[in-house]
Amino acid sequence: MVKCALCVHLIYSDIVQRSREELKAIRETNPGLKPTLAIIQVCLCIGLNVMQICLPRQCTEEEVSDAILRLNEDSRVYGIFLHLPQSFLSKSVRNAIKPQKDMFVAVVICQHVVRSSRRWIQEQQYQPWRLHPLKLQPLSPVPSDIEISRAQTPKPISQLAQEVGLLPEELEAYGNTKAKVHLSLLNRLQHQPNGKYVLVAGITPTPLGEGKSTVTIGLVQALSAHLKLNSFACLRQPSQGPTFGVKGGAAGGGYAQVIPMEEFNLHLTGDIHAITAANNLVAAAIDARILHEATQSDKALYSRLVPSVNGVRCFSPIQMARLQRLGINKSDPSDLTPEEVRAFVRLDLDPEKVTWQRVIDTNDRFLRKITVGQANTEKGNARQTQFDIAVASEIMAILALTDGLADMRARLGRMVVGSSRNGQPITADDLGVTGALAVLMKDAIKPTLMQTLEGTPVFVHAGPFANIAHGNSSVLADKLALKLVGEEGFVVTEAGFGADIGMEKFFNIKCRTSGLKPDVVVLVATVRALKMHGGGPNVTAGVPLPKEYISENLQLVADGCSNLKKQIQIAHLFGVPVVVALNAFKTDTQAEIDLVCRIAEASGASAAVQCHHWSRGGRGSVELAQAVKKVASQKNYFQFLYNLQDSVVEKIRTIAQKVYGADDIELSPEAQAKIDYYNQQGFGALPICMAKTHLSLSHMPEKKGVPTGFILPIRDIRASIGAGFIYPLVGTMSTMPGLPTRPCFYDIDLDPVTEEIKGLF
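Residues numbered from 1 in each chain as written. Predicted model: local features only at pLDDT ≥ 70, side-chain atom pairs only at ≥ 80, totals over all residues. Heavy atoms only, no water.

A.B. asks: Please clarify how the domain arrangement of the protein chain should be interpreted in this entry.
C.D. replies: Accessible area lost upon the coming together of the parts is a frequently used measure of interface size. Along its sequence, the protein chain is organised into domain 1 (3-38 + 50-124), domain 2 (145-269 + 443-633), domain 3 (272-441) and domain 4 (648-729). Counting residues at the interface gives 12 residues for domain 3 and 8 residues for domain 4. Counting the contacts that link domain 3 with domain 4 gives 0 salt bridges. Here domain 3 and domain 4 share 6 residue pairs in polar contact (both at pLDDT 80 or more) between them. Counting only elements with at least two residues in the side of domain 3 that touches domain 4, the list comes to α15 (394-401), α16 (405-414) and β17 (416-420). The element that contributes the greatest number of residues to the side of domain 3 that touches domain 4 is α15, accounting for 4 residues. For the side of domain 3 that touches domain 4, the class distribution of residues is 6 nonpolar, 3 polar and 3 charged. (Domains from an automatic or database assignment. Contact = heavy atoms within 4.5 Å. Salt bridge = Lys/Arg side-chain N within 4 Å of Asp/Glu carboxyl O. Polar contact = N/O pair within 3.5 Å; in protein donor to acceptor, adjacent residues only side chain to side chain. Helix = DSSP H or I, 4+ residues; strand = E, 2+ residues; numbered from the N terminus. Nonpolar A, V, L, I, M, F, W, Y, C, P; charged D, E, K, R; others polar.)

A.B. asks: Any chance you could explain the confidence of the model for the protein chain here in plain terms?
C.D. replies: Close inspection of predicted coordinates is inappropriate in any region flagged by low pLDDT. For the protein chain, the average pLDDT comes to 90, and 94% of its residues sit at 70 or higher. Ignoring residues within four places in sequence, the model shows residues 1-9, a span with pLDDT below 50, making 0 contacts including any to other chains. A low-confidence stretch, residues 104-108 (pLDDT under 50), is modelled with 10 contacts involving residues beyond four sequence positions or located in other chains. (pLDDT = per-residue confidence, 0-100.)

A.B. asks: Help me understand the packing of aromatic side chains, please; the structure alone is not making it clear to me.
C.D. replies: The geometry of an aromatic ring pair is captured by two quantities: the separation of the ring centres and the angle between the planes. Applying the stated criterion to the full structure yields 13 aromatic pairs. On the numbers, 6.0 Å between centres and 85° between planes, the contact of Tyr302 with Phe344 is edge-to-face. Note that Tyr302 is positioned in helix α12 (residues 298-305) and Phe344 in helix α14 (residues 338-345), a separation of 42 residues in sequence. For the pair shown, Tyr302 and Phe344 are each scored as buried. For the ring pair Phe506 and Phe507, a centre distance of 5.6 Å and an interplane angle of 70° mean the geometry is edge-to-face. Neither residue differs from the other here; Phe506 and Phe507 are each classed as buried. Here a set of aromatic residues connected by ring pairs shows up, and it is made of Tyr197, Phe506, Phe507, Phe574, Phe638 and Phe640. Here the basic side chain of Arg313 rests over the ring of Tyr302, its NZ or CZ set 4.6 Å away from the ring centre. Positioned above the aromatic ring of Phe640, the side-chain terminus of Arg512 is 4.2 Å from the ring centre. (Phe/Tyr/Trp six-rings, centres within 6.5 Å; stacked < 30°, edge-to-face > 60°. Buried < 20%, exposed > 50% of the residue type's maximum accessible area, 1.4 Å probe, protein only. Lys NZ or Arg CZ within 6 Å of the ring centre and 35° of its normal.)

A.B. asks: What's the story with the packing of α16 against helix α18 (residues 434-441) in this structure? I'm lost.
C.D. replies: When two helices pack together, their arrangement is given by the angle between their axes and by how far apart the axes lie. Two elements in contact, α16 and α18, have axes separated by 9 Å at closest approach and are oriented at 135°. As judged from the angle between their axes, α16 and α18 are oblique. When the axes of α16 and α18 are compared, the crossing they make is right-handed. Listed contacts from α18 to Met408, Arg409, Leu412 and Gly413 of α16 are Thr434, Gly435, Leu437, Ala438 and Met441. For the contact of α16 with α18, the residue count by class is 5 nonpolar, 3 polar and 1 charged. (Axes fitted to C-alpha atoms, helices over the stretch in contact; angles between N-to-C directions. Parallel < 35°, antiparallel > 145°, perpendicular 65-115°, else oblique. Left-handed = near helix turned anticlockwise from the far one by under 90°.)

Pasting the structure below:
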């Protein structure tokens, strides 16, 4: 018996030693890994993290089972060892443990935890996709978008997530068809090579839009469901203003759309509402601070800003940061001199120089200019201001450009809300509101996972205004998707408006921020838009198309291809190859389609193909997908259009001349004064985000085709310091759309019995 016990001891010691060495080796290559063994009641430790669960002596068998079930779902726990009285070791208790965490035999605990650790490491690696596309059976004539959406049953979002390699703990479900994805995925797959990066842009559009979102969805459906290549679409979240106004949604259309389309277009996961709340908190803080400074002495302000709590008075961390910016190196509130107290408590915001506006996600033209502070309680501190549409908020632009929570918080703090009376910029940090903004935005920073009609994955995230902001979906969504698709996969992201606006900003702003380099541009064109650029009559939303657009006219098409050629040239300025996607309508003739494709390829496009995704789904874009795959594999020579160290004026001039085709720029005295001010404040090295009409390459919406011989007027220049760009205003830019005479909401209703939405596209 002694000899047998000794053998057992030696065997056990050998297992412990080998396990210790194996765990050490694993942790050297995976320093973030901390294997944890959970032991109920007693612990058996070999150098592991130990989680000890002590249940009361009077506990029931059900309570033991509940403890086991909780540990089963804890991703930190790799093994469960039971040390219980025999009366508790029933079959139901033993069977409650997941097989991979079962640790009944003490002598193999060490080996089992090592195996679990290795299994965990394998799970953290990139997993090949096991995508199961949804079948699509297109009808003719094509039903309405919402009818098509409802005719398809989407996969449970947890199933889609598993198919594309997401772990359960990286998913935060919002119902059964959409989910937030945690940014921890970036750390898990940090060593995974990126896939191919494809940008969808467009020619100068008609007011009806030319279908960039539809092309984006059709392309990824073709890549994933038909060519069997991993593919992700990255789209902006649509504003509810246009949804209830005139434009409609942005989920794509026909048989190339994101589903469920009503969820995509209405609320989604609440990101825009979070931005609205954060933006308006800043606005409220501004007016409250102006009021309190106007009605209180320095001493009263100081006692309220730094109150005594339980006899202790101290600065908050954000107040300490303000003291440091002021050059006051003191931490005890009682040590400040009267002059230092005054500098600390008085932002001295000039009401006439407040640049921050309130926002709402509704088209409401009567909020374009308002007066606030008219109540008697505001003691005469009334001022004129305005509302913008929520997606025009700088916070939305920040969400689209940030790379994580820490970066987002820093950007929020840098937002300039106005100037003091002596000309100093006042920031959100100065107002002390930054931490609260980060709290409001902590969930909005996670991209939302959805799916196309054919069950392929989509990230929906951010929706910055494409005029005064950069008009692209988020950097984070693109980065997450590029890791998930794998080295041979494709991420297709969309830029707002024409290539002269959305694409230029994608390259010069978004790519600078992200460090990502695109492989190919898909340039969307329609015969309808080309006819308009060739001299066709105006096109108005909600009004039947003139006869020129529904009958063959090769001359109009040929003349209008000047705009297509120019947009191809703009992409080539950045060294990126172009594939032209002609979004075909049923009124287009084959002769018109063939003419466009010939001219596009003669103008430098690597390929030009017609697309029928609207009526056929991914099958209608297979030729486009094949062309994108071929061109994306070729080497390109991506470059920025200008250097950040160029002067503000030179950066504006470069865009005006090389992209828009202007002869030169003309600065108003106000614009020149702003440039001088931004240079003085150290903002001159920021990229440029031109605020210009999307309906023309020039600043004149009525000038179609390729206008020449014009001077681009810069009437004003503003800055989004948190987002990280300067935006010149070219002409008059409205940041609050208005409702038309007959808005979309006339047709939208709810069935009170089935709760189905009616009339949404």
